[in-house]
Structure formats: structure tokens, C-alpha cells
Protein chains: 2
Amino acid sequence: MGERERALLERIRARAAGAARSGIRVGIGDDAAVLAVRRGEEPVVTTDFSLEDVHFRRAWHPPEAVGHKCLARGLSDVAAMGARPVAVFLSLSVPAELARAAKRKAASWPQGLSWVDRFYDGLLGLADEWQVPLAGGDLAQAPGGKDARVAADIVVVGAAERGRALLRAGARAGDVLYVTGTLGGAAAELRDLQRTPARFRGVAEEKAGHPHFFPQPRVAVGLALVRRRLATAAIDVSDGLSVDLQHLCEESGLQAEVDAALLPVAAGATLKDALHGGDDYELLFTADPGTRVPRRIGGVRVHRIGRMLRRRAGRAQMMLIADGRKDELRPEGWEHF
Amino acid sequence: MGERERALLERIRARAAGAARSGIRVGIGDDAAVLAVRRGEEPVVTTDFSLEDVHFRRAWHPPEAVGHKCLARGLSDVAAMGARPVAVFLSLSVPAELARAAKRKAASWPQGLSWVDRFYDGLLGLADEWQVPLAGGDLAQAPGGKDARVAADIVVVGAAERGRALLRAGARAGDVLYVTGTLGGAAAELRDLQRTPARFRGVAEEKAGHPHFFPQPRVAVGLALVRRRLATAAIDVSDGLSVDLQHLCEESGLQAEVDAALLPVAAGATLKDALHGGDDYELLFTADPGTRVPRRIGGVRVHRIGRMLRRRAGRAQMMLIADGRKDELRPEGWEHF
């Protein structure tokens, strides 16, 4: 390893070490990290790939937003289990020119910020917010020459109350269906971005109010749902309400009925965005009709949007009530691969 | 998601479900996996990138070997902590032509085996050997068109006796230095492969005796070292003995002395291969001089190769005794990025 590579890795380690370390007994620098999971908890693990030109474009998305969203996706999965995030692992491979730029800056940090540094800024900024340390991972130069792309694989390990993790399969007939925050905002912003990318140049300085670039994972809501025994099942709305609700229906063996008039459609978004737009990272959950679900949990508004019903043979999995009619709701969101 | 994509994912899920599931409470199909870690254990986590043209070549390495080695690297890290593997997560991105081939075969499985299927064969075969289930991950088409490359990120979660994980920092002055198996075999085989790739066409049918293609992680040895309280520190020899021993010296703040005559040089390998060749995945560990270390642990030979000494200021970190002389041993193995 050359001096510059060593300096780069040391710098990343130092930044990671500056973050909260409560979740780690042994961090970066051994064969594996040893995590601190409390008595009565069990580990939950989620992984998510963020791929250039699939999940983001280097010309459109500032590196801070790519790093932020990469981690937000993992934190959102942990939130949907009702677990607390314990540690984060990042495997990042970048094209040669980004690797070279990062190494050049290694000696002069923090004067010049490379793409890789700015990516870590976004990721570690969100990690700090939730006091979750970066405990390991890999940094590699992507093969493929000029056509190589950035690929980031994020692993978030969380801890759930033993036997209390919120599953997709937990909903029961008669349960009420809720969603946090607003829906469709990320899809609406993506549409604006596709039309006029130049409008979003300064987005990394603003962060708040940009749901497509800087989504907020609902970690505090997920934890409260478990601690206060509010929910019977949960999933995060990453692929669009209609797709994620279908997963909930499938795993619980139920039918869902959504009332369009109750959907919290984000400002600037359409009903279609709210139903089928992906990337919102809100929590969709069910609760027993006898449970008093607060209108606000962990600072986030919670909206009742429908209910779960027994599914009769041959009937549609999801129904949408709109304009006094009840029609089948078909899944149309974002799908992978 | 189209019918073919669904069929492919279903097939992978079914194969993953066929493996041992004891380590998982909730597996593929929820927002995150919930793992079963026992009372008195704590989770350990390791991630490893396997990149085409960095760690393997599609023209040289059968997909079974790529999948096997991808997991072997992660299992070896967990072994070096003295932990038992609990669950595996794989994020795999493949170029469009491999993704298309995998989807085409989805309907006709198992008649035609695509690259992706054969990769999973290798990975799941090793996972079965150690009874560790595939609990999640991602499968994506790599962006970058014709020049896209395969990238696999493996996560292995293990469980260690609380406070007993084998760290690199645990060695003490006076400790004896041991290594498992033989060294240099992978480097020697890689050299043969570079010379005459055609010789290794049938390697996927043979597996055993091919340390470069199908390395054996020392999981049983690592577990025994902890259970029988044999070792004070451990690391796996992934980057070459000289590099990994240096990590042990650095983290423990000691000097190491290696006796060349005691090194278990693999058949066909040179002393240089044994000292600096990477990819062996043997365990390098230290033990108190008063500990009786068996010559064989978990079916694997264990060799005493040197000792750990107090490090005096200005002295070299590693020394090699060879031909009656004692010289500085410099790290020269495989380095990343």
C-alpha cells in the first residue's frame, strides 16, 4: 500500500472513529467488527445496493445526497422492523478517476473535497444523526476502465426487542392501515429533476425539503411502534405504496382497502405519485382497531389511510376507494432487476 | 417485475430456503433478517468485496469457484474471530448478458445452468458445509453496458462468546506463534494458472486440492481456539503471512520472530510464496507459552512457526530466521486499492 492509499484509509478511519461508537465493541481494524447488542435483543440485518445510473446519476446527484440516501435506505429497513440501528458497514467501489482524486486529496484534507470524501460526508452526517457508527466495509477501485460505475453496498445491523420485530406477516383482518409523513414527494421531485436538473445544483446545502435527495428514515417512529406496542405489522414505502402494500397483503394473507381521500399526498405530488411513486421511505403499518394510535409519533405525522380485510378467494389483493367508487388497486411502483 | 424476473428470484429464494435455517428467525422476504444469537454471545460482522478483474477473471475462474471463494473470504474472517457463522448476505451485480441468461434459464431450471446459477452453486455449497443460511441480499444488473463487471459483496454475521472474540491486539510478549495448514499453495496455483489457464478447466468438478480456487476457511479451528481457550490473538492469512503478521504486531504492539525452517510450505510453493503469497485463508494465532496447543485442531495441522517479543524502540517489527541468520522481514503481500 502506498503512502497516499494509507493516508486515505487513515482519514476515513479517523472520520468513522469520530462518530458514535456505542454500538461497537471492536470496530474497523480487526478481521470483523464485534457489536454490542443488549440482553433481550436480537440482531436484524439489511443490505442495499446503490448503483450509479440505476439509483443515481453522478451528473444529477451531489455525492452528499448519494451517501445520505445509500444509508437512509438501510436505516429505513431497520426502522420498518422497529429496531434500533447499531452499526453500519459500507462497501464502496469507485471508478479509477474518483479513486485517484480521493488519494490526491488525502494529504491535503480537508482543503479539497473529492467525490469520495463528499459521499462519506453525506453518509456519516446521517449516521451521526442516529448515533450509529461506521464499523467496517471495503473501499475499492472498480474495474472496467472508463466505463466503470460507482457501486455502494450498505449493511445496517440493528437490534430488536427479542420476538418483537415488526414483520410484514403480522397484520390481522380488521386492522387499521397507517402511513407516516407524506407520499409522492420523492417522485414529484424526481420528475422536476428530470425536467430541469440545473434547478437542483445547490441541493446539498439545503438538504431539508428535498425528499428525493435527502429522504428521512423513520427510525424513531419504528422504535416507538414496538416500545408502545402500537403496530401489528410494518414495511417501509421504498418501492411505492401500491407495491409495498402488496407485500404486506401477501405476507399477511389479507386484502387491503385504501381510501384515496385519506392519503397524505405531498405538496407538488399527484395521487398517482402517492400511490405508485417510490423512494418515500415512510413507514406503512397496521394496528389493531382497538389501539389508540397517536396522530404524531416521534415528531412525524401519522395518517390512517385504510384497513385490512379477510381475503376471499378470487378477490383482488388491494382495493382503492376514490370518487365514491371502489376499484382494484394494482401494484405499479419501482421494481428491481 | 416481469414473470422471468419473478421466477429467477423465486428460484434463488427456494435454493436459499433449502439450506440450513437455524441461524435465522426471519429470512429473505421481510425488510430485514432477524438472526438467532444465543444468550452469552455477541454478533460479529464482516464484509468483503469480490470484484471481477481484481479478485477473479471470468475467463479463468469457473463461477462455482468465484461463489465459493467469495463466501470463503467472509467465513475466514469470522473464523479468525473465533466465532460461529450465523448467516450470510450477498449483494451481487452482474452485467446485462449474465442477467439475461439467468432470467432465460429461470423457467427451465435446473436443465441449463447460467453463470449466476453456477455462482450460487459454489456459494451455497460452501454455506451448506458450515450450515449457514443465505438470509438476504440483493441481485442487480450492473450499469456500464458492455464493460460492466461482476461485483459481489458478501456479509457474514457470526456469533462469538461474549468478550471472548479473538482480536489482533491480544498477543503478549513471549507468546508462541502458530499457523494452520500450509502456506503459499494459493500463490503457487495462481502462478500456474497465469501460465497455463487451460490446465484448470475442470477445477470446479475437483474442488479439493485447489487452494487458489476453493480455499477452505478454518471455521472449526477458530471455534476450538476460543472454546478450549488456546489462543491470545488471531488473524486470517488473506493478504500473505508477512502482511497479516504485521497487522498482528501493530495491533498488539509487539515484534514477531519467524523461523523459516518451521514454515509449512505447501507442495509446489516456494518460501517466498509462503511468506508473501495471499489467499491462503489459514489462521495465524498466538498462544501463551504455557498452553499446550495440539498438533491438530478440527482435523487441520497446526504448526509452531515463531514467537512474539517485546518491541524495542527503533527495532524492526518482524524478523525472519533463515540459514542461521536473522534479518528483517518486510511486508510484501497483496494489498487492496
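Residues numbered from 1 in each chain as written. Chains lettered and ligands numbered in written order. Predicted model: local features only at pLDDT ≥ 70, side-chain atom pairs only at ≥ 80, totals over all residues. Heavy atoms only, no water.

Participant: Quick rundown of the packing of helix α2 (residues 63–80) of chain B against helix α4 (residues 115–129) of chain B? Include the residues and the values.
Facilitator: Residues and elements named next belong to chain B. Following both chains from N to C, one finds α2 and α4 inclined at 40°, their axes separated by 6 Å at the closest point. Considering the angle they form, α2 stands oblique to α4. For the pair α2 and α4, the sense of crossing is right-handed. For the pair α2 and α4, the contacting residues are Pro63, Glu64, Val66, Gly67, His68, Cys70, Leu71, Ala72 and Leu75 in the first and Trp115, Arg118, Phe119, Asp121, Gly122, Leu123, Leu126 and Ala127 in the second. Of the residues that constitute the contact of α2 with α4, the class distribution is 11 nonpolar, three polar and three charged. (Axes fitted to C-alpha atoms, helices over the stretch in contact; angles between N-to-C directions. Helix = DSSP H or I, 4+ residues; strand = E, 2+ residues; numbered from the N terminus. Parallel < 35°, antiparallel > 145°, perpendicular 65-115°, else oblique. Left-handed = near helix turned anticlockwise from the far one by under 90°. Contact = heavy atoms within 4.5 Å. Nonpolar A, V, L, I, M, F, W, Y, C, P; charged D, E, K, R; others polar.)

Participant: Account for helix α8 (residues 241–252) of chain B, naming residues and giving values.
Facilitator: Residues and elements named next belong to chain B. An ideal rise of 1.5 Å per residue puts 16 Å on 12 residues; α8 measures up with 16 Å between its terminal C-alpha atoms. Burial analysis of α8 places nine of its 12 residues in the buried class, which makes it a mostly covered element. For α8, the set of buried residues is Leu241, Ser242, Val243, Asp244, Leu245, Gln246, Leu248, Cys249 and Ser252. (Expected span 1.5 Å × (residues − 1). Buried < 20%, exposed > 50% of the residue type's maximum accessible area, 1.4 Å probe, protein only.)

Participant: Any details on the pattern of salt bridges? Residues and values, ideally.
Facilitator: Pairing between side chains of opposite charge can happen when the charged atoms of each approach one another. In total, this model carries 40 salt bridges over all chains according to the counting rule given. One salt bridge in this structure joins Glu64 of chain B and Arg118 of chain B, with 2.7 Å as the shortest N-O distance. With Glu64 of chain B in helix α2 and Arg118 of chain B in helix α4, the pair connects residues that are 54 residues apart, well separated along the chain. Judged by its relative accessible area of 13%, Glu64 of chain B is buried. Assessed through its relative accessible area of 28%, Arg118 of chain B is described here as partly exposed. Each of the salt bridges in this network shares a partner with another, and the network as a whole consists of Asp30 and Asp31 of chain A together with Arg168 of chain B. (Salt bridge = Lys/Arg side-chain N within 4 Å of Asp/Glu carboxyl O.)

Participant: Tell me about the relation of the copies chain A and chain B, and please be specific about residues and values.
Facilitator: Relating one copy of the chain to the other takes a rotation about an axis and a shift parallel to that axis. The operation relating chain A to chain B is a screw motion whose rotation component is 180°, with 0.0 Å of axial translation and a residual RMSD of 0.0 Å. What the superposition gives is, in effect, a two-fold axis relating one chain to the other. Measuring from the rotation axis to each C-alpha of chain A, the shortest distance belongs to Asp147 of chain A, at 3.1 Å. Comparing interface residues between copies, 100% of those in chain A also lie at the interface in chain B; the contact surface is shared. (Least-squares fit on C-alpha atoms with pLDDT ≥ 70 in both.)

Participant: Could you give me a rundown of helix α2 (residues 63–80) of chain A, with the residues and numbers involved?
Facilitator: It helps to recall that an α-helix has 3.6 residues per turn; residues three or four apart then point in one direction. Residues and elements named next belong to chain A. In this model, α2 (18 residues) spans 26 Å end to end at C-alpha, consistent with the 26 Å of a helix rising 1.5 Å per residue. In terms of residue burial, α2 counts as a mostly covered element, since 18 of its 18 residues are buried. Following α2 by one or two positions, Gly82 adopts a phi angle in the positive range, close to 75°.

Participant: Now, about the interface of chain A and chain B: what can you tell me, with residues and values included?
Facilitator: Taken together, the contact pairs 58 residues of chain A with 58 residues of chain B. Buried surface at the junction of chain A and chain B, both sides included, amounts to about 5100 Å², of which 59% is carbon and sulfur. Inspection of the region where chain A meets chain B yields six salt bridges. Between Arg25 of chain B and Glu42 of chain A there is a salt bridge, and its shortest N-O distance comes to 2.2 Å. Our enumeration of links across chain A and chain B arrives at 18 residue pairs in polar contact (both at pLDDT 80 or more). Broken down by element, the side of chain A that touches chain B gets its largest block of residues, nine residues, from strand β3 (residues 41–51) of chain A. (Buried area = accessible area lost by both parts, 1.4 Å probe. Polar contact = N/O pair within 3.5 Å; in protein donor to acceptor, adjacent residues only side chain to side chain.)

Participant: Give me the pairing of strand β6 (residues 151–161) of chain B: which residues, what numbers.
Facilitator: Residues and elements named next belong to chain B. The buried count for β6 comes to 10 of 11 residues, which makes it a mostly enclosed element. When strand β4 (residues 84–94) meets β6, the two strands line up antiparallel, connected through nine bridges. Bridging across to β6, Arg84 finds its partner in Ala159. (Pairing = 2+ DSSP bridges.)

Participant: Let's hear about the environment of Val157 of chain A: which residues, and what values?
Facilitator: Counting through the fold element by element, Val157 of chain A comes out in strand β6 (residues 151–161). Counting along the chain gives 25 residues from Val157 of chain A to Val132 of chain A, while the straight-line C-alpha distance between them is 9.6 Å. Ignoring sequence-local partners within four residues, the contact set of Val157 of chain A consists of Leu35, Val44, Val45, Pro85, Val86, Ala87 and Phe89 of chain A together with Val45 of chain B.

Participant: Go over unusual backbone geometry with me, naming the residues and quoting the values.
Facilitator: Within the chain, Asp323 of chain A stands out as a residue other than glycine whose phi angle is a positive 50°. Summarising the element assignment, Asp323 of chain A is placed in the loop between β13 (318–322) and β14 (325–328).

Participant: Explain the sheet that holds strand β5 (residues 134–141) of chain B to me, and be specific about the residues and the numbers.
Facilitator: If you walk across this open sheet you meet the six strands as β1(A)-β2(A)-β3(B)-β6(B)-β4(B)-β5(B), and the pairing is mixed. Unpaired on one side and paired on the other, β1 (24–26) of chain A together with β5 of chain B mark the two borders of the sheet. Neighbouring strand axes in the sheet, compared pairwise and without regard to direction, differ in orientation by 25° on average. Sheet topology places strand β2 (residues 33–35) of chain A next to strand β3 (residues 41–51) of chain B; two bridges connect them, and they run antiparallel. Looking across to β3 of chain B, one finds that Ala33 of chain A is bridged to Val45 of chain B. Where α4 of chain B meets the sheet, its contacts fall on β4, β5 and β6 of chain B, and the angle it forms with β4 of chain B comes to roughly 165°.

Participant: Break down the packing of aromatic side chains for me, with residues and values.
Facilitator: Residue and element names in this part refer to chain A. Applying the stated criterion across every chain yields a total of eight aromatic pairs over all chains. On the numbers, 6.0 Å between centres and 85° between planes, the contact of Phe119 with Tyr120 is edge-to-face. The same class applies to Phe119 and to Tyr120, which are both buried. Taking the ring centre of Trp60 as reference, the NZ or CZ of Arg57 above it sits at 4.4 Å. (Phe/Tyr/Trp six-rings, centres within 6.5 Å; stacked < 30°, edge-to-face > 60°. Lys NZ or Arg CZ within 6 Å of the ring centre and 35° of its normal.)

Participant: Outline the sheet that holds β3 of chain A, listing residues and values.
Facilitator: In sheet architecture, strand pairing relies on hydrogen bonds along the backbone and comes in two forms, parallel and antiparallel. Taken in spatial order, the six strands of this open sheet run β5(A)-β4(A)-β6(A)-β3(A)-β2(B)-β1(B), and their pairing is mixed. Among the strands making up the open sheet, the edge pair consists of β5 (134–141) of chain A together with β1 (24–26) of chain B. Adjacent strand axes in the sheet meet at a mean angle of 25°, parallel and antiparallel pairs treated alike. Its contacts with the sheet put helix α4 (residues 115–129) of chain A on β4 (84–94), β5 and β6 of chain A, and the angle it makes with β4 of chain A is roughly 165°.

Participant: Got a sec to walk through the confidence of the model for chain A? Specific residues and values, please.
Facilitator: Confidence along chain A averages 91 in pLDDT terms, with 92% of residues attaining 70 or more. Two summary scores accompany this predicted model of the complex, namely pTM at 0.92 and ipTM at 0.90. (pLDDT = per-residue confidence, 0-100.)

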